Amino acid sequence: MKKNITNQKKVALYNPYLDVLGGGEKHILSILKVFNELGNKIYIFWDEDFNEKIKKSFGLTFKPPITFLSNIFKNKKFPFSTIDILKKTFNFDYFFYVTNGSYFFSIAKKNFIFAMIPDKKLYPTSVIDKIKTYNYRLITNSIFTQRFLKKWGLSSLVIEPYINDQFINLPLTKKDKIILSVGRFFAHLHTKNQDLIIKMYKKIKQENRMFKDYKLILAGRLKEEDRNYFVFLTKIINNDPSIILKTDLNYQEILNLYQKAKYYWHFTGFGTDDEKHPEKVEHFGIAPLEAMATGCCLVAYQGGRLKELIIDKKNGLLFKNEEELMKKINEVETNFNLYQEIIKNGKEFVKKNYSYQIFKDKVFQLLM
């Protein structure tokens, strides 16, 4: 990095989904972390101090800590909201907005829309929204998402996430008979399809004695609004002691699960045509790459960004349907050399392409 930032900048974020604390939140907060490491001050418009929650969830700390400001974007009526937003954003050198489909003027020096989901209705394609965002640039989380934005007449910068060095630097060790999946428990949009994972796991155990001693662990964040889906999962588990649900784990607890699990299953987008419904498939996939970095054998639905990153039977397994999943996981379970090759190549792939230094350089190059 050749640029030299000498004057402290003021960097602000508004993310209406901050309390989800999922992969997208980690991604945008990591971008802010790069600014913070260069001595810049970070502000977030949110009515609660989330410093501890961010540290617990992602292992991210900020020095000085993030300053949380009153959420001026919430429950305000025109024209008072516009006046207030203009006054506040004027004070910032950089302003980042994770879009929920509504737009507003900002007069920060540099403005960015963070595009997590390839869903056309979320983006400024109308004349009014284009006027409001004339001085914004779009940042997208993957080449997959960028491709759809381009179809809709929107140019964007790609900054893909990184995988923590703590994951990448873990040595390969003997694994337990665990199938793991990590992701928020919810049933809409790009759901992680935990219900399908449970059903497929039960079927494999019934049909193949090689998996009789395996456990399935599903870990993820649970919001109160998604409790009905969680209850549904407990019903289809039907007291099977080999299926374990874990909610709201911290960073270290998730890392420990990755270390133990032999397989990582990712069913986001299962059965979906990603050209027709790109919003329903995996737009990037932080958790699958974390699993690869820690030596899990990734088994992923062939859709979205993952089908572009994974080479089948080289650094992971891709499947289109139930039959392919059954066939491929049986093949790897009976072929230790193939299993070893996949996990070794997976770990090397993540290390080569998704280190923090690569991410940091990209943020520096494109945004500063």
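Attention here is on the structure that accompanies the text.

Analysis parameters
- Residues numbered from 1 in each chain as written.
- Predicted model: local features only at pLDDT ≥ 70, side-chain atom pairs only at ≥ 80, totals over all residues.
- Heavy atoms only, no water.
- Salt bridge = Lys/Arg side-chain N within 4 Å of Asp/Glu carboxyl O.
- Helix = DSSP H or I, 4+ residues; strand = E, 2+ residues; numbered from the N terminus.
- Buried < 20%, exposed > 50% of the residue type's maximum accessible area, 1.4 Å probe, protein only.
- Pairing = 2+ DSSP bridges.
- Right-handed = clockwise from strand over helix to strand, strands pointing away.
- Axes fitted to C-alpha atoms, helices over the stretch in contact; angles between N-to-C directions.
- Parallel < 35°, antiparallel > 145°, perpendicular 65-115°, else oblique.
- Left-handed = near helix turned anticlockwise from the far one by under 90°.
- Contact = heavy atoms within 4.5 Å.
- Nonpolar A, V, L, I, M, F, W, Y, C, P; charged D, E, K, R; others polar.

**Some thoughts on the pattern of salt bridges**
Inference 1: On inspection of all chains with the given rule, the structure shows 24 salt bridges.
Inference 2: Here Glu37 ties to Lys360 by a salt bridge, and the two come within 3.1 Å at their closest N and O atoms. Of this pair, Glu37 sits in helix 1 (residues 23-37) while Lys360 sits in helix 14 (residues 356-367), and the two are 323 residues apart along the sequence.
Inference 3: Using a relative accessible area of 17% as the deciding quantity, one classes Lys360 as buried.
Inference 4: For the salt bridge of Lys262 with Glu333, the shortest nitrogen-to-oxygen distance reads 3.2 Å. With Lys262 in strand 11 (residues 261-266) and Glu333 in helix 12 (residues 322-333), this residue pair connects regions lying 71 residues apart in the sequence.
Inference 5: On the basis of relative accessibility, which here comes to 17%, the residue Glu333 falls in the buried class.
Inference 6: Overlapping salt bridges, with partners in common, bring together Arg147, Lys151, Glu160, Glu275, Arg305 and Glu308 in one network.

**Re the pairing of strand 6 (residues 136-140)**
Inference 1: Of all 5 residues in strand 6, 4 are buried; the element is thus mostly enclosed.
Inference 2: As judged from the 5 bridges shared by strand 5 (residues 110-115) and strand 6, these two strands associate in the parallel manner. From the neighbouring strand, Phe112 faces strand 6, where its bridge partner is Arg137.
Inference 3: Each parallel crossover has a hand, and for strand 5 linked through helix 4 (residues 127-132) to strand 6 it is right-handed.
Inference 4: As judged from the 3 bridges shared by strand 6 and strand 7 (residues 156-158), these two strands associate in the parallel manner. Pairing of Ile139 across the sheet is with Leu157, part of strand 7.
Inference 5: One crossover worth recording links strand 6 to the parallel strand 7 by way of helix 5 (residues 143-151), and it is right-handed.

**Some words on the sheet that holds strand 1 (residues 10-14)**
Inference 1: Here we have 7 strands laid out as an open sheet, ordered 3-2-1-4-5-6-7, and parallel in their pairing. Edge positions in the open sheet fall to strand 3 (67-69) and strand 7, since each of these has one partner strand only. Strand-to-strand twist across the sheet, computed as the mean angle between neighbouring axes with direction ignored, equals 25°.

**Re the packing of helix 7 (residues 194-207) against helix 12**
Inference 1: In contact at an axis separation of 11 Å, helix 7 and helix 12 are set at 50° when each is read in the N-to-C sense. Looking at the two axes, helix 7 sits oblique to helix 12. The two elements helix 7 and helix 12 meet at a crossing, and its hand is right-handed. On helix 12, the residues touching Met200, Lys203, Ile204 and Glu207 of helix 7 are Glu322, Leu325, Met326 and Ile329.
Inference 2: Residues of the contact of helix 7 with helix 12, tallied by class, amount to 5 nonpolar, no polar and 3 charged.

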